[in-house]
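Residue-level structural notes
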Amino acid sequence: GAATGIIYGLALGYLSSVLPVALIAGAIYFCVKTTGMYGVAVGSLGMLSTLATCLTIDVYGPISDNAGGVAEMSEFPGSVRDKTDALDAAGN
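No experiment lies behind these values; they were computed from the predicted model shown.

The helix and strand tally for the chain stands at 5 helices and 0 strands. Shown N-terminal to C-terminal, the secondary structure of the chain runs as helices and strands in the order α-α-α-α-α. Relative to a compact globule of 92 residues, whose C-alpha radius of gyration would be 12 Å, the chain shows 21 Å and is clearly more extended. Judged by the C-alpha coordinates and their principal axes, the chain covers about 60 × 45 × 15 Å. The 92 residues of the chain split such that 11% are buried. In the structure as shown, the chain presents an accessible area of about 7,100 Å², 74% of it carried by carbon and sulfur atoms.

Put into structure tokens, the structure is as follows:
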């Protein structure tokens, strides 16, 4: 029934996180064995340093999508909409 499909979907979603979790756990283990907790701190800061870029790109998609809608309603040339669609694809 429907419950089985939901459970299967959750299990499939959880399965996609196995490799990233294993890689992060391996990186933590390597850092602890080579440099101690200082290495873990530096490694975690390195992983977090990409956060601002990722959030910026995620927020950029809806803004460029709205700009494309405004360009379409304003009857701009099709080349403008093509550019905003390319920018929207980068944000998605």
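Here we take up the pattern of salt bridges. The final tally for this structure, using the stated rule, is 2 salt bridges. The shortest N-O distance in the salt bridge between R81 and E72 comes to 3.8 Å. Between D85 and R81 there is a salt bridge, with its nearest N and O atoms 3.2 Å apart. With D85 and R81 both in helix α5 (residues 78-91), this residue pair falls 4 residues apart, about one helical turn. Exposure remark for D85: the relative accessible area of 34% places this residue in the partly exposed category. When its relative accessible area of 23% is taken as the criterion, R81 is described as partly exposed. Three or more residues joined by partner-sharing salt bridges are found here, namely E72, R81 and D85.

Quick look at helix α1 (residues 2-15) now. For the α-helix, the turn length of 3.6 residues means that residues three or four positions removed from each other point alike. With 14 residues, α1 extends 20 Å from end C-alpha to end C-alpha; this agrees with the ideal 20 Å at 1.5 Å per step. Within α1, only 0 of the 14 residues are buried, which leaves the element largely exposed.

A word on the environment of M73. As for its position among the elements, M73 is in helix α4 (residues 51-73). With 62 residues separating them in the primary sequence, M73 and A11 have C-alpha atoms 43 Å apart.

About the thresholds
- Residues numbered from 1 in each chain as written.
- Predicted model: local features only at pLDDT ≥ 70, side-chain atom pairs only at ≥ 80, totals over all residues.
- Heavy atoms only, no water.
- Helix = DSSP H or I, 4+ residues; strand = E, 2+ residues; numbered from the N terminus.
- Rg over C-alpha atoms; globule rule 2.2 N^0.38 Å.
- Buried < 20%, exposed > 50% of the residue type's maximum accessible area, 1.4 Å probe, protein only.
- Areas by Shrake-Rupley, 256 points an atom, 1.4 Å probe, with all protein chains shown as cover.
- Salt bridge = Lys/Arg side-chain N within 4 Å of Asp/Glu carboxyl O.
- Expected span 1.5 Å × (residues − 1).

Don't take any of this as a statement about function, it's just geometry.
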